[in-house]
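# Working through the structure, step by step
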Amino acid sequence: MNRTLDKINTSLSFRHKAEIFQSGNVSGFPSPALIPLQESLLTTNAQKTRTKPCEENRCIKEEEESLCFPVPNPSSESQPTLVVSECLSSWTKCSATQVIKVYNEDNTSKAIEVPPDVTARDICQLFVMKNHCIDDHSWTLFEHWTHLGIERTIEDHESVMEVLSVGGMDTDCRLHFRKNYAKYEFFKKPLVFFPDHMFSISSETNGIVDPSELIETFVKSSTCPEVHGYLHAKDQSRKSWKKFYFVLRRSGLYFSTKGTSKEPRHLQFFADFTDCDIYSVLSAKKLYGAPTEFAFCIKSTKSCSARDLKLLCADVEHTKTCWITAMRLLKFGMQLYQNFIQPHQKQKVSPMRSISENSLVAMDFSGQKTRVIENPSEVLSVAVEEGLSWRRKSCHRLSSHGSPSSSQSSVPNIAIHLAQPWFHGKLSREEAQRLITQQGLIDGVFLLRDSQSSPKAFVLSLCHLQKIKHFPIIPVDDDGEVFYSLDDGHTRFTDLIQLVEFHQLNRGILPCKLKHHCTQITL
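For the structure given in this document, a descriptive report is provided here. (Residues numbered from 1 in each chain as written. Predicted model: local features only at pLDDT ≥ 70, side-chain atom pairs only at ≥ 80, totals over all residues. Heavy atoms only, no water.)

Scanning the protein chain for helices and strands turns up 16 helices and 20 strands. Burial analysis of the protein chain (523 residues in total) assigns 48% to the buried set. By sequence separation, contacts in the protein chain at least 24 residues apart represent 59% of the contacts at least 6 residues apart. Working note: accessible area of the protein chain is about 27500 Å², and carbon and sulfur atoms make up 52% of it. (Helix = DSSP H or I, 4+ residues; strand = E, 2+ residues; numbered from the N terminus. Buried < 20%, exposed > 50% of the residue type's maximum accessible area, 1.4 Å probe, protein only. Contact = heavy atoms within 4.5 Å. Areas by Shrake-Rupley, 256 points an atom, 1.4 Å probe, with all protein chains shown as cover.)

So, in structure tokens, the structure goes:
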């Protein structure tokens, strides 16, 4: 399937824009100390366009008469022109740069200055570099509407300024930066996201989609996949929900007025995705009286009102994920596949490394003489061995002040996991489920937290088959030495790090291996 997609992809050319982060030089993103430039430093074009309103950035694409904005060239030798808006959230001002706010999961924000053509991938790469995170291509920018209770993933290629221009000065539209492991998971495991009973070829061929060509039917414009199934739809006039049989085709979304009939006379148009985006609904039962919490909606890019939302609700999470993913593929098509493979292609051709990374050399200090490690595969094994050696020495130092009592021996076991990114301390069951749901309901997403019912115990929260399960980790006392176990003491671990590392390689009693840990960073 990937070979077929690669053939399709080679026929399309990528839009090569100026690399903002090339060689670690973030020229498009100045330091946090934002100092407005003097008027005399502005270019002629910048002075002319500084006060022009651009309230309908999204409509510019539809009209042939588009406005031209001065875009700084980060790759040029001269310093790019920087213009700071008079207001932090002034999306409706046209200037060489704009200042936007990006929020973390704890609702703390960071103001950054960006060029007008900045994309979601650019901002994610900026925060990955500034916060020294591992760039595993799962960091995502979300569009969140507080008063509507909805949010969506901003695709990597989308213009952030166009997204924010819809809300104008409305502060309820926020950008959130966090992990989303499920962003491109459907390219890797399509059958997990798309059940067979919900897909078929259009009625013109009356065929069944080959599982190996499932994604190809979406990204190719010549084919017409069809998604069908029952959904609850909200009637805005009566404020009630009613169940209909929906059919998703390339021309739009339809519902049947007569059972499961797909005849043209029984299909009524519901929505298309030309000027609409697909959002997940948060707290659907509380805000909109939905029958389940698995609701989503279709919102026009020109409207910010709750009465204009086209609300839908599925019976289970798997069905909701299937519909949202299918709508994303139909809306963006091949562009999504380009977003998926683009980071991997850059790594093969010219991996992006900062100046400090280029000056680093892997060294081995285990022997009598230090040596430079030239084999990349050996670097990882040496790093793991040094980490284990450091941990053993730390535990020995903490327990070497006499005969270890039960309190002394438990000190390293309790304290050693606190600095791990997968440990979230006193997190409630509901907050753990919310965090895992936000960062992607795929197999292996997990976190560890303190138990609310037992003071000395812990809980492993794990996602499997788009359901979140919680496994208690019980401390086991053996002759004054404390171990941790998931199976009532049959399998024991000296600390939580050892427990996590074991289950990252072995499933054990868990339904799947631990793959992706939920993480929270401070911007």
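Picking up where we left off.
The next point concerns the pairing of strand β9 (residues 252–256). When you tally the buried positions in β9, you get five out of five residues, the bulk of the element. Alternating positions in β9 separate into two faces, Gly252, Tyr254 and Ser256 on one and Leu253 and Phe255 on the other, with burial throughout. Pairing between strand β8 (residues 240–249) and β9: five bridges, direction antiparallel. Pairing of phenylalanine 246 across the sheet is with phenylalanine 255, part of β9. Once β8 ends, the chain turns through two residues before running back antiparallel as β9. In terms of strand pairing, β9 meets strand β10 (residues 267–271) through four bridges, oriented antiparallel. (Pairing = 2+ DSSP bridges.)

All told, the structure shown has 14 salt bridges when counted by the stated rule. Note that arginine 152 and glutamate 143 form a salt bridge whose closest N and O atoms lie 2.8 Å from each other. Each member of the pair arginine 152 and glutamate 143 is classed as buried. Put simply, aspartate 156 and lysine 183 hold a salt bridge, and the shortest N to O gap is 3.3 Å. Of this pair, aspartate 156 sits in the loop between β4 (150–154) and α5 (160–165) while lysine 183 is found in the loop between β5 (173–179) and α6 (185–188), placing the two residues 27 residues apart along the sequence. Here the two residues aspartate 156 and lysine 183 agree in accessibility, since each one is buried. (Salt bridge = Lys/Arg side-chain N within 4 Å of Asp/Glu carboxyl O.)

With that settled, the discussion passes to the environment of serine 165. Mapped onto the elements, serine 165 comes out in helix α5. Of the residues examined, serine 165 reaches a relative accessible area of 5% and is grouped as buried.

Next up on the list: the nonpolar core. Among the nonpolar cores identified, the biggest contains 52 residues, and Phe187, Phe194, Phe199, Phe246, Leu248, Leu253 and Trp323 are the most heavily contacted of them. Examining the composition of this core, we find that eight residues originate from one element, helix α10 (residues 317–332), more than from any other. Looking at this core, you find at least three residues from each of domain 2 (185–202 + 210–344) and domain 3 (419–517). Ignoring sequence-local partners within four residues, the contact set of tryptophan 323 consists of Met198, Val227, His228, Gly229, Leu231, Phe246, Leu248, Leu253 and Phe296. Counting residues in each nonpolar core, the second largest holds 37 residues, with Met161, Phe177, Ala284 and Ile521 among its members. (Core = buried A, V, L, I, M, F, W, Y, C linked by side-chain atoms within 4.5 Å. Domains from an automatic or database assignment.)

Moving on, we come to the packing of aromatic side chains. Per the counting criterion, the structure on display carries 19 aromatic pairs. Measuring from ring centre to ring centre gives 4.9 Å for tryptophan 139 and phenylalanine 177, while their planes differ by 10 degrees; the resulting arrangement is stacked. A residue pair is termed long-range when its members are at least 10 positions apart, and tryptophan 139 in strand β3 (residues 139–145) and phenylalanine 177 in strand β5 qualify at 38 residues. For tryptophan 139, a relative accessible area of 7% puts it in the buried group. The buried category is assigned to phenylalanine 177, whose relative accessible area is 1%. Considering the side-chain rings of phenylalanine 187 and phenylalanine 340, the 5.1 Å spacing of their centres and the 20 degrees angle between planes classify their relative orientation as stacked. Of this pair, phenylalanine 187 sits in helix α6 while phenylalanine 340 sits in helix α11 (residues 334–349); the two residues are 153 residues apart in sequence, bridging distant segments of the chain. The class of phenylalanine 340 is buried, set by a relative accessible area of 15%. An aromatic cluster is built from Tyr184, Phe186, Phe187, Phe193, Tyr337 and Phe340, whose rings are joined through pairwise contacts. Its end group placed over the ring of tyrosine 103, arginine 174 keeps NZ or CZ at 4.2 Å from the ring centre. (Phe/Tyr/Trp six-rings, centres within 6.5 Å; stacked < 30°, edge-to-face > 60°. Lys NZ or Arg CZ within 6 Å of the ring centre and 35° of its normal.)

Here the focus is helix α15 (residues 429–438). By the burial criterion, the buried members of α15 are Ala432, Leu435, Ile436 and Gln438. Viewed along the axis of α15, the buried residues span an arc of 165 degrees, placing them on a single side of the element. The inward-facing, buried residues of α15 abut β3, β5, β16 (445–450), β17 (458–464) and β18 (467–478). With its phi angle positive at about 115 degrees, glycine 440 sits one or two positions after the end of α15. (Arc of directions from axis to C-beta.)

Okay, unusual backbone geometry next. Positive phi values are uncommon outside glycine, yet histidine 132 reaches one of about 55 degrees. Relative to the assigned elements, histidine 132 resides in the loop between α4 (120–130) and β3. Here aspartate 488, not a glycine, exhibits a phi torsion of approximately 60 degrees, which is positive. Mapping aspartate 488 onto the fold places it in the loop between β19 (481–485) and α16 (496–505). On the basis of relative accessible area, aspartate 488 is assigned to the exposed category, the value being 70%.

Spatial strand order, β19-β18-β17-β16-β20: five strands in an open sheet with mixed pairing. Every interior strand has two partners, whereas the edge strands, β19 and β20 (516–517), have only one. As judged from the five bridges shared by β16 and β17, these two strands associate in the antiparallel manner. Opposite phenylalanine 446, over in β17, you have leucine 462 as the bridge partner. Running at roughly 155 degrees to β16, α15 makes contact with β16, β17 and β18 of the sheet. Across the sheet, α16 is in contact with β16, β17, β18 and β19; its angle to β16 comes to roughly 160 degrees. (Axes fitted to C-alpha atoms, helices over the stretch in contact; angles between N-to-C directions.)

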